[in-house]
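Structural overview for review
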Amino acid sequence: MKKKNKRVIPGFGISMGVTLTMVSVIVLIPLATLVIYTAQMSFPEIIATITRGRVLSSFYVSFITAFAASAINAVMGLILAWVLVRYEFPGKRILDGMIELPFALPTAVAGISLTYLTTDSGWIGSFFAKFGIQIAYTRLGITFALIFVGIPFVVRSIQPVLEKLDPSYEEAASVLGASRTRIFWKVIFPEVLSSLCTGFGLAFGRCLGEYGSIVFIAGNKPYYTEITPLIIMSELQEFDYPSATAIALVMLIAAFLILFINNLIQARNTKILNGNR
Amino acid sequence: MNQNKQSGFVKWLLITISVLFLFVMLVLPLLVVITQAFKSGVAAYLKAVTDKYTVRALLLTLEATLTAVVVNTIFGLFAAWTITKFKFKGKKLLTTLIDIPVTVSPVIAGLIFILLFGRQSLLYPILKACHIKVVFAVPGIILATVFVTFPFISRELIPVLETEGTDEEEAAALMGAGAFTIFRKITLPHIRWALLYGIVLCTARAMGEFGAVSVLSGHLRGLTNTLPLHVEILFNEFQYVPAFAVSSILVILAIILLVMRSVLEHKGKTTKKPL
Amino acid sequence: MKKKLLSLGLIAVLLTGCLTGCGSNKNSVRMINVSYDPTRELFESYNEIFAQHWKEQTGQDVEVIQSHGGSGKQALEVSNGLEADVVTLALEYDIDAIEKAGLIEDGWVDEYDDDSAPYTSTIVFLVRKGNPKNIHDWDDLVKDGVGVITPNPKTSGGARWNYLAAWGYAKERYNGDEAQMKEFIKKLYQNVLVLDSGARGATTSFVENNQGDVLIAWENEAYLSMLDCPDDYEIITPGISILAQPSVAVVDSVVDERGTRAVADEYLSYLYSDDAQRIAADNYFRPVNEEILQEYSDVFDLNMKLKTVHDFGGWDSVSAKHFANGGIFDEIYEK
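First, a word on what this report is: a plain description of the structure on this page. The structure displayed is predicted, hence computed values, not measured ones.

Now for the interface of chain A and chain B. Facing 96 residues of chain A, the contacting portion of chain B comprises 101 residues. Surface buried jointly by chain A and chain B totals about 9200 Å² across both partners, of which 77% is contributed by carbon and sulfur atoms. Run the count over chain A and chain B and you get zero salt bridges. In this assembly, chain A and chain B are joined by seven residue pairs in polar contact (both at pLDDT 80 or more). Here the side of chain A that touches chain B takes 17 residues from helix H1 (residues 12–38) of chain A, the largest share from any one element. Grouping the amino acids of the side of chain A that touches chain B by side-chain chemistry returns 65 nonpolar, 16 polar and 15 charged.

Here's what the structure looks like:
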């Protein structure tokens, strides 16, 4: 890191003030209410609530499907980013522009159309049905929907890094006789690894909490395709606020941890990048 | 770029995989929306999209989106400036907090605002006395939209500002320029395209928000239904064609936005290069 | 840039003004009816005749704003501050929850006739044309290879009637032997392919996405699905079912504050008028008025043996026993 005097640039007070105020009003205070409501329960009660069989299995379902979807997205995201940055081909701009579509399509609409596609009479589902694979109303279906939701995160995290990556390293390695796979793993992969982690983390966090599209495609069978957000909804249905908030708090802490670790990686990454200069 | 060195096979294999993947994951769902929307012909489609409730829902969606974009732009500029131009303790914690709305489940996002402003909250009597309705009214919807799109603009700005460093700003400060002047003359030109890009993303995401808004809206027909909620309602009324027709409005708006984004990015790149 | 932002902000403010500015004047009144999913068509027609009726009586225009959704979720939203003048929900239990929140006064059930349920319904089966799986009564649903579609009683109030109807059948069949009854319910839910979060979602899974062999549905929902494609489905009425009583109530604290008690009260009373009862019947809800019900005897199977929730000790005990955490519905899914 460069050495510099502290705060040469004016305006720290006001910009910090505005930032903190807005973070508090929009994020911190609302999230704090969640903690306060959960605190109405005693600690053993909270533990009992979040370790019920159905809740635990919903954590498992949410976790495993989100993980699978983000892993697939990590691989596909890397390929997509690579293709979008390194190759020129007709229709590239269109491909590039489509990446953010999952943000703009309401999750409910996405869920309905994805279910329509993947039931055994749908366009995609009928193809897989021939091999005896059912997508809609299984964990596979949940993963499918989560892949849709998570696409933009990985691609958009890696893309800028790949764009900045200097091809001269690769050329040098190539001149020195390294094979292409070797170049990829030794030269390119280490450079994009941390942004890949960031994208993976963001997609993972987003997928853990996804609700709108999943309820349509999941089938919601307890112990099989019941996700945690749905459990929260059913606790609310029973007017059981403390349980709902307790489970919500677990998810919130998970989301926070994922992001925090992510930011640590990112910070390390910037340090390395700046140090290289 | 040194495409010549890449073997053509790998190149086209990767392109094929990408195109296939995006086709299955993104294009097919859109095709479903479009084909279903026009299943009963153009007249039925037009009737659905010009319905009184659809138009009101569209207006509300635009209102919530605009507000979210304005609030988040202001926030994004301040936050990005604070985080990249100054050193202070707890920076990682702050960036984590800013990012949290992306990963918080929409259900939870709705729930927290109900807990904060709903009837069982301590604030409720005060709001009531001032005749301010938050939950199950337009402010709640706007709040939820702002929440879910909160980090979108700052996330775009921070990496750009980080790579720019602080040298130019410091130099200007030493020459005696005020904070606002520095921002306007030095920082803003660097981030112009990133900012526009962030705005487009934020708009796209705000338009489509469903989960959190659904918890906070109360689904009052013609009053607190946004476009995505209106789709859900139509769907629940077994009006599949109108439901998909209304969805297609969102899809079209999204495509317009993304085309805009693509153009902006292209412009951004071409103007950046001489720098 | 800044100018752009300013103008954007200005537009936003203006729009807010437009949307919220349209207040009410003396010659019109606006009320909110928070209802559940399957009543959309019913209230769409009813609101029209009620508006006429109210205009004739008082000279005032009335605009009724509808909100529909899962019954339990709607009750929750009203308890949380959604300002409904009247609630017309799927079951007593949900209105009781609003009462517990302190918004409705005790004794609302006796406020209107027939337990404040102006129309009733029951639970029937919808099967595919020709009834390929030969389904005639509840015990056909637990056979191997029968795919059942029903929503999740934990998230859908309406689905609790489905569950209770099956429970009622099991009670009769096994003479109240709980172990066998539980076994029956367990088998039934093992046959469930998709446990949607709401009644309309379940219908969609069955009708649009072609899932399962039988949909356990409200009678009115089953008829609505028949309307769209009469050649694809058949309605089967089981021997035993349940009398589903969707209840209505005035939300006391809201109407007192807004001064809309008169119109809200009349809105619910008028549901018992002959015209309204016919509208209910036209939308396949069973009218409580016996004479009008008889007029529609060709539509409704009046020979079904219908139990009521009181046969099971009322909603409080049913809910605690079956749907609370660790209740029977959780038990049957435990391994």
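With that settled, consider the side chain of Arg 205 of chain B. The residue Arg 205 of chain B is located in helix H10 (residues 179–208) in this model. Of the polar contacts made by the side chain of Arg 205 of chain B, one reaches the side chain of Glu 209 of chain B; its length is 2.8 Å.

Looking now at the interface of chain C and chain A. Listed by partner, the interface residues are 34 residues for chain C and 26 residues for chain A. Taken together, the two surfaces of chain C and chain A that pack against each other cover about 2300 Å², and 49% of this comes from carbon and sulfur. When the buried surface of chain C facing chain A is broken down by residue, Leu 76, Asn 209 and Asn 325 of chain C rank first, second and third, together holding 22% of it. Scanning the region where chain C abuts chain A turns up one salt bridge. Residues Asp 330 of chain C and Arg 54 of chain A are paired through a salt bridge, measuring 2.3 Å at the closest nitrogen-oxygen approach. For the interface between chain C and chain A, the tally reads nine residue pairs in polar contact (both at pLDDT 80 or more). Contributions of two or more residues to the side of chain C that touches chain A are made by helix H3 (71–79), helix H4 (92–100), helix H7 (157–173), strand S6 (192–194), helix H15 (314–323) and helix H16 (328–331) of chain C. If one sorts the elements of the side of chain C that touches chain A by residue count, H3 of chain C sits on top with five residues. Each residue belonging to the side of chain C that touches chain A can be placed in one class, and the counts come to twelve nonpolar, 14 polar and eight charged.

What follows concerns a negative patch on the surface. Where like charges cluster on the molecular surface, the negative patch consists of Glu 105, Asp 106, Asp 110, Glu 111 and Asp 265 of chain C. Assignment of secondary structure puts Glu 111 of chain C in the loop between H4 and helix H5 (113–116).

Calculation notes
- Residues numbered from 1 in each chain as written.
- Chains lettered and ligands numbered in written order.
- Predicted model: local features only at pLDDT ≥ 70, side-chain atom pairs only at ≥ 80, totals over all residues.
- Heavy atoms only, no water.
- Contact = heavy atoms within 4.5 Å.
- Buried area = accessible area lost by both parts, 1.4 Å probe.
- Salt bridge = Lys/Arg side-chain N within 4 Å of Asp/Glu carboxyl O.
- Polar contact = N/O pair within 3.5 Å; in protein donor to acceptor, adjacent residues only side chain to side chain.
- Helix = DSSP H or I, 4+ residues; strand = E, 2+ residues; numbered from the N terminus.
- Nonpolar A, V, L, I, M, F, W, Y, C, P; charged D, E, K, R; others polar.
- Patch = residues over 30% accessible without salt bridge, like charges linked within 9 Å, V, L, I, M, F, W, Y side chains within 5 Å.
- Areas by Shrake-Rupley, 256 points an atom, 1.4 Å probe, with all protein chains shown as cover.
- Lys, Arg positive; Asp, Glu negative; His and termini not counted.
- Charge placed at Lys NZ, Arg CZ, Asp CG, Glu CD.

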